[in-house]
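Coordinates in review
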Amino acid sequence: MAISPNHRPKLFFCSATGVGREGANMRAVMLRLEFHHCLAYVHQASARCESWGRRPRVELEGVSSSLEISLSACRSSLQFLLAVKQVLQPKVFWLIVFYPLIAVRRILWSNQANPNSRTVASDFALIGQISGILNGLATQATLQNEGLGFENRACISLQTLNAQSDI
């Protein structure tokens, strides 16, 4: 194990336990996002096995636990992003956007397959919160890439208004 136990991500993230000291830097954020992504991806692989579809429903119980682990890992990555949103800078938007998009896709797929699940409402609330964070980061990243921060745009708007009023 190349990562010390103090820095290893827990299997699932719980907002009640908090982020901890090490969760407040981008290296720890990326490590945890990658961990949850790998966990979800590995356990979701069982859903891709075509032969499971032809077997009796009883044999799918082992696969369903793996799919639940995958889904929990996706939820954990989104909950973690909510917990560290103050650390996320617009410049890292394109580095992290992949992780929540994949997690949201997996959660939506599960909710479509199981619309009566007890977690549907909380899943959609979580997705709504994440979309707000991603929208804010994307907007800020776009403004930074254009070289125009809020202050610059406000000055340009005032200059344009002044120029138009002089005409």
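Residues numbered from 1 in each chain as written. Predicted model: local features only at pLDDT ≥ 70, side-chain atom pairs only at ≥ 80, totals over all residues. Heavy atoms only, no water.

1. A short note on the overall build of the protein chain
Definition in use: Numbering of helices and strands starts at the N terminus; helices are DSSP runs of H or I of at least 4 residues and strands are runs of E of at least 2. The cut-offs for exposure are 20% and 50% of the maximum accessible area for each residue type, with area from a 1.4 Å probe on protein chains only; residues under the lower value are buried, those over the upper are exposed, and the others partly exposed. Note on contacts: a residue pair is in contact if any heavy atoms of the two residues lie within 4.5 Å. To measure how exposed things are, a 1.4 Å probe is used in the Shrake-Rupley method; for residues, cover is taken only from the protein chains shown.
A count of helical and extended segments in the protein chain gives six helices and zero strands. Counting from the amino terminus, helix and strand elements in the protein chain follow one another as α-α-α-α-α-α. Burial statistics for the protein chain: of 167 residues in total, 34% are counted as buried. Sequence-distant contacts in the protein chain: of pairs separated by 6 or more residues, those separated by 24 or more amount to 72%. For the protein chain, the accessible surface area stands at approximately 10,900 Å², while carbon and sulfur atoms represent 58% of it.

2. Quick look at the packing of aromatic side chains
Note the following rule: Within 6.5 Å between ring centres, the rings of Phe, Tyr and Trp (the latter by its six-membered ring) count as paired, and their orientation is classed by plane angle as stacked under 30 degrees, edge-to-face over 60, tilted in between.
On inspection of all chains with the given rule, the structure shows two aromatic pairs. For the pair F93 and W94, a centre-to-centre distance of 4.8 Å together with 75° between the ring planes defines the contact as edge-to-face.

3. What to know about helix 4 (residues 98-113)
An α-helix turns once every 3.6 residues. As a result, residues three or four positions apart point the same way. Our working rule: Working rule for helices: expected span equals 1.5 Å times residues minus one. Comment: arc refers to directions from the helix axis out to C-beta atoms.
Taking 1.5 Å per residue, 16 residues should reach 22 Å; helix 4 reaches 23 Å between its end C-alpha atoms and fits that length. Of all the positions in helix 4, only Y99, P100, A103, V104, R106, I107, S110 and N111 are classed as buried. Buried residues of helix 4 fall within an arc of 165° about the axis and therefore sit on the same side.

4. With respect to the nonpolar core
Selection rule: Think of a nonpolar core as a cluster: buried Ala, Val, Leu, Ile, Met, Phe, Trp, Tyr and Cys residues, connected wherever their side-chain atoms sit within 4.5 Å.
Of all hydrophobic cores here, the largest spans 28 residues; its most connected members are L33, L78, L88 and I96. Of all elements in the fold, only helix 1 (26-44), helix 2 (60-83), helix 3 (93-96), helix 4 and helix 5 (120-146) reach the threshold of two or more residues within this core. In this structure, I96 is in contact with M26, M30, L33, L81, L88 and L137, ignoring residues within four places of it in sequence.

5. Comments concerning the confidence of the model for the protein chain
So the rule is basically this: Summary of the metric used: pLDDT quantifies the predictor's per-residue confidence within the range 0 to 100.
Residue-level pLDDT values for the protein chain average 75, and 62% of them are 70 or greater. Averaged pLDDT values for the elements of the protein chain fall to 52 in helix 6 (residues 150-166) and rise to 91 in helix 4.

6. Focus on the pattern of salt bridges
Cut-off, in case you're wondering: A pairing counts as a salt bridge when a side-chain nitrogen of Lys or Arg comes within 4 Å of a carboxyl oxygen of Asp or Glu.
In the structure shown here, the tally under the stated rule is one salt bridge. Ionic pairing is found between D123 and R75, a salt bridge with its closest N-O pair at 2.7 Å. Highlighted residues: D123 in helix 5 and R75 in helix 2, separated in sequence by 48 residues. R75 gets classed as buried once you look at its relative accessible area, which sits at 14%.

7. What about the side chain of R106?
The condition that has to hold: Positive charges come from Lys and Arg alone, negative charges from Asp and Glu alone, with His and the N- and C-terminal ends not counted. Two N or O atoms count as a polar contact when they lie within 3.5 Å, although within protein this holds only if one can serve as hydrogen donor and the other as acceptor, and sequence-adjacent residues are included solely when both atoms are side-chain atoms.
Structurally, R106 can be placed in helix 4. Buried and unpaired, R106 has E68 as its nearest opposite-charge partner, separated by 6.6 Å. There is a polar contact of 3.2 Å between the side chain of R106 and the backbone oxygen of L67. Polar contacts involving the side chain of R106 include one to the side chain of S70, which spans 3.3 Å. With sequence-adjacent residues up to four places away left out, R106 is seen in contact with Q44, L67, S70, L71 and C74.

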